[in-house]
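Chain by chain, the residues:
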Amino acid sequence: MNPSLNIDHTHDASAASWVASANAAGADFPLQNLPWGRYREAGSQAAWRIGVAIGEHILDARAAGVIDTDDMNALMALPPAKRQALRHALFDGLRSGSAKQQEWQALLLPQAQAEMALPCRIGDYTDFYTGIHHATAVGRLFRPDQPLMPNYQWVPIGYHGRSSSIGVSGQNVRRPNGQTKAADASAPAFGPCQRLDYELELGFFVAQGNALGEPIALEQAEAHFFGVALLNDWSARDIQAWEYQPLGPFLAKNFASTISPWIVTSEALAPFRRPFARPAGDPQPLPYLDGATNRAKGQLAITLEVLLQTEAMRQAGEPAARLTLGRADQAAYWSAAQLIAHHSCGGCNLQPGDLLGSGTLSGPQREQAGSLLELTEGGKRPITLPNGEQRRFLQDGDCLILRAWCEGEGARRIGLGEARATVLPAPALPAAQS
């Protein structure tokens with residue numbers, strides 16, 4: 001079995017770290033997590049370094065002697081056994097009583113003093129559509145008699161996204177311009193998007209790649225899954241409605257995506273694996289997307305939360321308000337391993353650092369919706385925030401925050417951190433040349 005699926009001493013819920021903040025109740029980054037990211041001291045122009053989050057600090061992994069590279073993609077390309085060995089070295093060195101404490105103490109930087117980069121070099125980005133409740137709810141808005149297309153239960157639906165516009169948590173996102181067309185208009189209009197939305201997703205990072213023309217079998221796909229981050233795949237719903245047929249999303253999606261800065265590894269997720277099973281009456285996956293390991297451990301029990309803080313709330317010193325709370329394993333119709341196997345089945349060569357978006361992960365209840373499109377029923381039913389403001393879609397100045405964590409009996413809670421971004425007005429277009 002792939003070692004990343006095994007539960008070992010690094011998952012011991014009673015193990016504590018000599019980094020005190022890692023032992024706090026509810027900490028995102030306890031000793032049992034150890035996610036990877038890239039950072040440098042805020043305000044510096046230093047080269048990006050690979051770090052590991054531990055409590056409220058970051059450990060310089062290369063200076064600690066755990067790795068010998070500053071290239072995250074090279075680390076991601078290591079075989080599973082070597083990646084597991086790195087986790088063991090970090091866990092043993094950061095555990096209470098470790099002989100490494102005095103040496104490594106000097107290599108810690110408070111996260112509050114760090115600037116974070118994208119966690120790796122993302123060469124390619126594919127966004128999938130695995131959230132069946134989202135697909136059903138959105139489909140019902142446009143096709144009441146047939147919410148799900150006939151292929152949905154048979155094939156993982158996806159499209160090729162834009163990797164160059166992916167940014168890290170804390171960024172500002174400009175409202176996009178584009179064409180829209182009102183139902184009663186004879187011609188489209190051009191201007192800023194009026195129906196800006198978020199999409200609550202998980203981002204799955206590819207570890208080892210595959211050679212062109214050599215598919216990855218499902219039973220080997222877990223070895224090619226490096227880890228997970230939060231992903232907000234922003235959407236311009238009014239632009240999307242006009243442009244998406246017949247070739248799919250374009251300007252409505254390519255202006256920005258926001259990810260959290262830490263990759264929680266497949267190894268850290270081992271205690272939170274759950275069986276993958278289809279609802280009674282649904283077709284089972286075709287053989288190339290079906291297997292014993294995926295059935296036993298394909299799902300990830302990750303709790304997902306969306307919060308919104310408006311400009312008025314910030315000015316008044318009011319905290320962000322929760323919009324929704326749900327679970328990935330109650331939303332995803334396809335697993336990370338199935339996405340990797342399907343993406344490569346035609347011979348596509350995945351590479352270390354490639355990002356696969358889960359698609360919007362909404363639960364069956366309204367309070368579990370992963371987008372405003374669902375939460376407001378296409379803008380027909382505005383939500384009211386604690387300060388009395390209403391939203392159908394996002395307004396300039398809104399800060400949208402995604403958070404996630406894993407909990408389970410006998411396991412230490414671990415978190416994914418957050419993906420946060422603030423909406424800015426649409427950019428002015430260059431003046432026309434005469």
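All of these numbers come straight from a predicted model, not from anything done at the bench.

Let us look at the pairing of strand S20 (residues 303–309). Most of S20 is tucked away, with 7 of its 7 residues classed as buried. With burial as the criterion, each face of S20 is covered, one bearing Thr-303, Glu-305, Leu-307 and Gln-309 and the other bearing Leu-304, Val-306 and Leu-308. The pairing of S20 with strand S21 (residues 321–327) spans 6 bridges and is antiparallel. Its bridge partner being in S21, Val-306 is matched across the sheet by Thr-324. When S20 meets strand S25 (residues 399–406), the two strands line up antiparallel, connected through 7 bridges. Paired with Leu-307 across the bridge in S25 is Ile-401.

Counting 68 residues, the largest nonpolar core has Leu-202 and Ile-302 as the members making the most contacts within it. Leu-202 has contacts with Val-228, Ala-229, Leu-230, Leu-231, Ile-302, Leu-304, Ala-328, Leu-356, Gly-357, Ser-358, Leu-361 and Leu-416, leaving out every residue within four places of it along the chain. Counting residues in each nonpolar core, the second largest holds 36 residues, with Leu-31, Leu-34, Ala-61 and Ile-67 among its members.

In this structure's numbering, the residues bearing the UniProt feature "binding site: Mg(2+)" (unreviewed entry) are Asp-233, Lys-253 and Ser-257. With the annotated positions falling across 25 residues, the maximum pairwise C-alpha distance of 8.0 Å places them together in a single cluster. Inspection of the secondary structure puts Lys-253 in the loop between helix H6 (237–243) and strand S16 (257–259). Beyond its immediate chain neighbours, meaning those up to four positions away, Lys-253 contacts Tyr-159, Glu-199, Asp-233, Trp-234, Ser-235 and Gln-240. Within the structure, the side chain of Lys-253 is placed 2.9 Å from the side chain of Glu-199, a separation counted as a polar contact. By the secondary structure assignment, Ser-257 is in strand S16. On the accessibility criterion, Ser-257 (1% relative accessible area) is buried. Sequence-distant contacts of Ser-257, defined by excluding residues within four places in its chain, comprise Tyr-125, Ser-165, Ile-166, Gly-167, Gln-171, Leu-231, Asn-232, Asp-233 and Trp-234.

Turning our attention to a nonpolar patch on the surface. On the surface, Trp-154, Leu-286 and Tyr-288 cluster together into a nonpolar patch covering about 280 Å² of accessible area. Assignment of secondary structure puts Leu-286 in the loop between strand S18 (273–274) and helix H7 (292–297). The class for Leu-286 is partly exposed, based on a relative accessible area of 39%.

Thresholds applied
- Each chain has its residues counted from 1, running along the sequence as written.
- Side-chain atom pairs in this predicted model are given and counted only at pLDDT of 80 or more, local residue features only at pLDDT of at least 70, and totals for whole chains, interfaces and linings cover all residues.
- Side-chain calculation: all heavy atoms of the structure are included, whereas hydrogens and water are not.
- Any residue under 20% of the maximum accessible area for its type is buried, any over 50% is exposed, and the rest in between are partly exposed; the area is computed with a 1.4 Å probe on protein chains only.
- We count a stretch as a helix when DSSP gives it H or I for four or more residues in a row; a strand needs E for two or more, and each element gets its number in order from the N terminus.
- Pairing between strands is defined by DSSP: at least two bridges between the two strands are required.
- Among buried residues, those of type Ala, Val, Leu, Ile, Met, Phe, Trp, Tyr and Cys that are joined through side-chain atoms within 4.5 Å constitute a nonpolar core.
- Any two residues whose heavy atoms approach within 4.5 Å are treated as being in contact.
- UniProt positions are given in the numbering used here, feature names are shortened, and annotations may be inferred rather than shown by experiment.
- Between N or O atoms, a polar contact is any pair within 3.5 Å; within protein, one atom must be a potential hydrogen donor and the other a potential acceptor, and residues adjacent in sequence are included only when both atoms are from side chains.
- Note on patches: the residues involved have over 30% relative accessible area and no salt bridge, like charges join within 9 Å, and the nonpolar side chains Val, Leu, Ile, Met, Phe, Trp and Tyr join within 5 Å.
- Per-residue and other accessible areas follow the Shrake-Rupley method at a 1.4 Å probe size, with only the shown protein chains counted as cover for residues.
- When a carboxyl oxygen of Asp or Glu is within 4 Å of a side-chain nitrogen of Lys or Arg, the pair counts as a salt bridge.

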